[in-house]
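One-letter residues, chain by chain:
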Amino acid sequence: MSIKKSEIKLDANGKPFNAYLTSPSNNEAGILLLPSWWGLKTFFKQICDQLAESGYTVLAPDYYNGRVGNTIDEAKTLQGEVEGDFEAMSAMIKAAKDHLASLRTGKPIGIMGFSMGTDWALITAANEPDVAATVLFYGGWSTDFSKMKSKVLGHYAETDEWVPFEQVKEMEQNMKAAGVDMTIHLYPKTAHWFMEEDRPEYDPAAAELAWSRTYEFLKQNLK
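Because the structure is predicted, anything quoted here is derived from the model rather than measured.

1. Remarks on the overall build of the protein
Here comes step 1: Within the protein, the regular secondary structure consists of six helices and eight strands.
Here comes step 2: For the protein, whose C-alpha radius of gyration is 16 Å, the value lies close to the compact-globule estimate of 17 Å for 223 residues.
Here comes step 3: If you line up the protein on its principal axes, its C-alpha atoms span 40 × 40 × 35 Å.
Here comes step 4: The burial tally for the protein puts 54% of its 223 residues in the buried class.
Here comes step 5: Put simply, of all contacts in the protein between residues at least 6 apart along the chain, 66% involve residues at least 24 apart.

Spelled out as structure tokens, the structure:
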């Protein structure tokens, strides 16, 4: 399937930011992809392309305006810069979601978050009723889920120094108490970032299984 790729500029309450947009010639639903703290590195653009080849219009905001964290220390610094202004970051994510929704008027929206991106995926899904499906990769955030309409699929590492599974289970309990339909999968002998091909933690077998489950979830919930 042929896809169109473009770098676009969006506005969040008067503050411009960049985003990566991919779309197939014939598509039904949109997915907002929220990268981990590394930023919009090549791997995440490739995931956008991969999803577009499967029929989805995909938009990924560039948190750091072209900068990418190549080390943990660099990523921590970049994350601190943007998350230090919660309102500005919230406005960026909402503007990205709203732009995607405007391209797919009347169609369902999905959100896919990786690590840091899962926090913003859940904050958005919990407050935006047009989000029908949310996919989380090794991360999560407990917030007020009482208005959440989205179904949730989570993929987690067995050994994760950044996101303990106890934290994930607490989040799951909070979601289920609010009536949210959530499914969690735990991947044995994996670590944080096991989905990312450019990371030493990458686990090909676990990633393949997680993608298979994800595509089935999207197929069922983004109709």
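2. Some words on the pattern of salt bridges
Think of it this way: side chains of opposite charge can pair up when their charged atoms draw near.
Here comes step 1: One pass over the full model with this rule turns up 13 salt bridges.
Here comes step 2: Between Asp198 and Lys41 there is a salt bridge; the shortest N-O distance is 3.0 Å. Of this pair, Asp198 sits in the loop between β8 (182-191) and α6 (204-221) while Lys41 sits in the loop between β3 (30-34) and α1 (42-53), placing them 157 residues apart in sequence.
Here comes step 3: Asp198 gets classed as partly exposed once you look at its relative accessible area, which sits at 45%.
Here comes step 4: Judged by its relative accessible area of 7%, Lys41 falls in the buried class.

3. Considering the side chain of Thr134
Here comes step 1: Topologically, Thr134 is positioned in strand β6 (residues 131-137).
Here comes step 2: Given the relative accessible area of 0%, Thr134 is considered buried.
Here comes step 3: Polar contacts involving the side chain of Thr134 include one to the side chain of Ser150, which spans 2.8 Å.
Here comes step 4: Apart from the residues within four sequence positions on either side, Thr134 is in contact with Ile111, Ala121, Leu122, Ala125, Met148, Ser150, Lys151, Val152, Leu153 and Phe217.

4. Observations concerning helix α5 (residues 165-177)
Here comes step 1: Given a rise of 1.5 Å per residue, 13 residues ought to cover 18 Å, and the 18 Å separating the end C-alpha atoms of α5 matches this to within 8%.
Here comes step 2: The complete set of buried residues in α5 reads Val168, Met171, Glu172 and Met175. Taken around the axis of α5, the buried residues stretch over an arc of 100°, which confines them to a single face. Turned more than 90 degrees off the buried face of α5, the exposed positions are Glu166, Gln173 and Ala177.
Here comes step 3: Of the surrounding secondary structure, the elements contacted by the buried residues of α5 are α4 (116-127), β6, β7 (151-159) and β8.
Here comes step 4: Looking one or two residues beyond α5, the residue adopting positive phi is Gly179, at roughly 85°.

5. Some points on the packing of aromatic side chains
Here comes step 1: Evaluated as defined, the whole model comprises 17 aromatic pairs.
Here comes step 2: When the centroid spacing of 6.4 Å and the interplanar angle of 85° are considered together, the rings of Phe43 and Phe114 count as edge-to-face. Here Phe114 lies in strand β5 (residues 109-114) and Phe43 lies in helix α1, a separation of 71 residues in the sequence.
Here comes step 3: Residue Phe43 is classed as buried on the basis of its relative accessible area, which comes to 4%.
Here comes step 4: Relative to Tyr138, the ring of Phe114 has its centre 6.4 Å away and its plane inclined at 65°; by these criteria the two rings are edge-to-face. Taken as a pair, Phe114 in strand β5 and Tyr138 in the loop between β6 and β7 lie far apart in primary sequence, 24 residues in all.
Here comes step 5: Overall, Phe114 belongs to the buried group, its relative accessible area being 0%.
Here comes step 6: We classify Tyr138 as buried; its relative accessible area is 0%.
Here comes step 7: A network of ring pairs unites the aromatic residues Phe43, Phe44, Phe114, Phe137, Tyr138, Tyr187, Phe194, Trp211 and Tyr215 as a single cluster.

6. Details of the packing of α1 against α6
Here comes step 1: In contact at an axis separation of 12 Å, α1 and α6 are set at 50° when each is read in the N-to-C sense. In terms of axis orientation, α1 runs oblique to α6. Along this stretch, α1 crosses α6, giving a crossing that reads as right-handed. Taken together, the residues of α6 that come into contact with α1 (itself represented by Ile47, Gln50 and Leu51) are Trp211, Tyr215 and Leu218.
Here comes step 2: Partitioned by chemical class, the residues of the contact of α1 with α6 number five nonpolar, one polar and no charged.

Calculation criteria
Residues numbered from 1 in each chain as written. Predicted model: local features only at pLDDT ≥ 70, side-chain atom pairs only at ≥ 80, totals over all residues. Heavy atoms only, no water. Helix = DSSP H or I, 4+ residues; strand = E, 2+ residues; numbered from the N terminus. Rg over C-alpha atoms; globule rule 2.2 N^0.38 Å. Buried < 20%, exposed > 50% of the residue type's maximum accessible area, 1.4 Å probe, protein only. Contact = heavy atoms within 4.5 Å. Salt bridge = Lys/Arg side-chain N within 4 Å of Asp/Glu carboxyl O. Polar contact = N/O pair within 3.5 Å; in protein donor to acceptor, adjacent residues only side chain to side chain. Expected span 1.5 Å × (residues − 1). Arc of directions from axis to C-beta. Phe/Tyr/Trp six-rings, centres within 6.5 Å; stacked < 30°, edge-to-face > 60°. Axes fitted to C-alpha atoms, helices over the stretch in contact; angles between N-to-C directions. Parallel < 35°, antiparallel > 145°, perpendicular 65-115°, else oblique. Left-handed = near helix turned anticlockwise from the far one by under 90°. Nonpolar A, V, L, I, M, F, W, Y, C, P; charged D, E, K, R; others polar.

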